[in-house]
Every structure is written in structure tokens, then in C-alpha cells.
Amino acid sequence: MTGTKERQGGPGDWSRGQIAYYQARAGEYDATYGTRMDMPRLAKGLDSLPIGGDVLEIACGTGQWTQLLSHRARSLTALDAAPEMLRRVRDRMRGTETRFIEADVFDWEPDCQYDTVFFAFWLSHVPPIEMERFWDLLKWALVPGGHVVFLDDSPAKAEIEDRVEMTPVPTVHRTLSDGSRHVAVKVLRDPTELTSQLNGLGWDTSVEAIDPFHLTGVARPREGA
């Protein structure tokens, strides 16, 4: 992939475990927005964000955000690694011209470029060892003048996480309604530190709080970086 660093091997067990978790969680994923998140308020946070043109959504899940993006996009592509999630987002987006891609983003290369790359509650699932390569991928996925827009959890959410101790990649335990236990990557990034990190990777970045528990960000590749 032009402009990115070569990976030595593919994603490790952390990625496979995370995908398995979301495969198992697909049937109860939407309930999260009813019990743990104020979707109308979070959705309102999109109003002032620069979303438009040809849009790629990474980790689309069941389409909670996809349906909102569709009203602002000239074209919309939704990517997720879990086929169980994609079945649900396809149902939700029936009648639209949304393009769907089943892929693990850590092993994926875009076949075109986009004006906007969007992801909600995904960046916290990107481990530190993948940050540079992931943001290199995003540069490749953008047209000149394009930008990344994201929403995520703030560090205040740490108090509700059940962390897995002594692991090379920060992970948390997650328990589903059937009692099954899973693990997922979870990195709650401080807005100031995240801004500094992305600036160091060649992005002009603005990260702001929506409320004490959630943040939004807009990042544009720095010319010549």
C-alpha cells in the first residue's frame, strides 16, 4: 500500500478475539444505545462536524450511525469485520445505495478514496501498536483535502470497564446476555494526548468533549507530512 509501513505478519489474537466478540454481540448491539448512550444527544454532536461527499464508515456495526451519514453523503461505503453486523446494517439501510465491505480494517486496503472517513466508538478499539499504521491507512483512504471525523468514549468511561491485567495490548472483559465472556481492545485516550499524538503522525487535529463521557475529533492530513 503506497504511503504506509509494511506490517510484519497479520493482526494477532487481540484482533481475532475482538471480531469474535462483535460477531457474538450483534444480536444485542442496538440495546447498548438504549441503555448506556443517549443517541439523540450524541447524534446532535454530528451536526457541526464536516461530513459530506463520498463517505467511508469504518466499523459500522448495525448501522446506528450509517443511517445518519446517509443523509449527508454523496455516496456511502460501510465497512465491518463481522458478517453478523453487516446483515443487520444491510436490513437497516435497505432501499439505499450504500456499499458494504466485509473486512478486518487492520488487513484491508481501500480500492478508492473518500472525502470523509468516519468512525464512531472505534478508535478506542485500535491498540497503541496499530495507531501509526491505522492512521497511515486513513491518509491513503482520503482524497486531497479530505478529513477524518470520529466520536468515542473519553477517559471518564474507565470506571465502568473490567480491564484484563498483564496483557501486551490493552483489553477489557465483556459479558453478553447469555453469560459468555469475551475480550475487546479498549484504549481510552485523553483528548490533549490524542491531539498531540496525531499531530506527531502528520495530522492537523481538533478533539473536543461532547460531554464528560464522550468526545469528537476532526483530523486532516498535514500537507507534505
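Residues numbered from 1 in each chain as written. Predicted model: local features only at pLDDT ≥ 70, side-chain atom pairs only at ≥ 80, totals over all residues. Heavy atoms only, no water.

(A) Fine view of the packing of aromatic side chains. Inspection of the entire model under this criterion finds 12 aromatic pairs. Summarising the aromatic geometry, the rings of Trp-65 and Phe-118 are spaced 6.2 Å apart at their centres and angled 50° between planes, so their arrangement reads as tilted. Remark: Phe-118 occurs in strand S4 (residues 114-120) and Trp-65 occurs in the loop between strand S1 (53-58) and helix H4 (66-69); sequence separation between them is 53 residues. Residue Trp-65 shares its accessibility class with Phe-118, and that shared class is buried. (Phe/Tyr/Trp six-rings, centres within 6.5 Å; stacked < 30°, edge-to-face > 60°. Helix = DSSP H or I, 4+ residues; strand = E, 2+ residues; numbered from the N terminus. Buried < 20%, exposed > 50% of the residue type's maximum accessible area, 1.4 Å probe, protein only.)

(B) Spatial organisation of the side chain of Lys-186. Tracing the backbone shows Lys-186 in the loop between strand S8 (181-185) and helix H7 (191-200). You can call Lys-186 buried: its relative accessible area is 3%.

(C) Expanded view of the sheet that holds S4. Reading across the sheet, the seven strands line up as S3-S2-S1-S4-S5-S10-S9 and stay open at both edges, with mixed pairing between neighbours. The sheet terminates laterally at strand S3 (99-102) and strand S9 (203-211), the two strands that pair on one side only. Put simply, the sheet's adjacent strands are angled 20° from each other on average, direction ignored. Both strand S2 (residues 73-80) and S3 contribute to a ladder of four bridges, which runs parallel. Its bridge partner lying in S3, Asp-80 is registered against Glu-102. Taken strand by strand, helix H6 (residues 131-141) contacts S1, S4, strand S5 (142-153), S9 and strand S10 (214-221), and its axis lies near 135° from that of S5. Contacting S5, S9 and S10, H7 crosses the sheet at an angle of about 165° to S9. (Pairing = 2+ DSSP bridges. Axes fitted to C-alpha atoms, helices over the stretch in contact; angles between N-to-C directions. Contact = heavy atoms within 4.5 Å.)

(D) How the structure looks around the sheet that holds S8. Pairing within the open sheet is antiparallel, and its three strands lie in the order S6-S7-S8. Two strands lie at the open edges of the sheet, namely strand S6 (162-163) and S8, each paired on one side alone. As judged from the five bridges shared by strand S7 (residues 171-175) and S8, these two strands associate in the antiparallel manner. Residue pairing for S8: His-173 is matched across the bridge by Val-183. Where helix H1 (residues 13-25) meets the sheet, its contacts fall on S7 and S8, and the angle it forms with S8 comes to roughly 125°.

(E) View of H1. Compared with an ideal rise of 1.5 Å per residue, which puts 13 residues at 18 Å, H1 spans 18 Å between its outermost C-alpha atoms and is within 8% of the ideal. For H1, every residue scored as buried is listed here: Trp-14, Ser-15, Gln-18, Tyr-21, Tyr-22 and Arg-25. One face of H1 carries all of its buried residues, which in axial projection span an arc of 125°. (Expected span 1.5 Å × (residues − 1). Arc of directions from axis to C-beta.)

(F) The nonpolar core, seen in detail. Ranked by internal contacts, the top residues of the largest apolar core, which has 34 residues, are Phe-119, Phe-134, Trp-135 and Val-148. Elements supplying a minimum of two residues to this core: S1, S4, H6, S5, H7, S9 and S10. The element that contributes the greatest number of residues to this core is H6, accounting for six residues. Apart from residues lying up to four places away in sequence, Phe-134 is in contact with Ile-58, Val-105, Phe-119, Trp-122, Leu-123 and Val-126. (Core = buried A, V, L, I, M, F, W, Y, C linked by side-chain atoms within 4.5 Å.)

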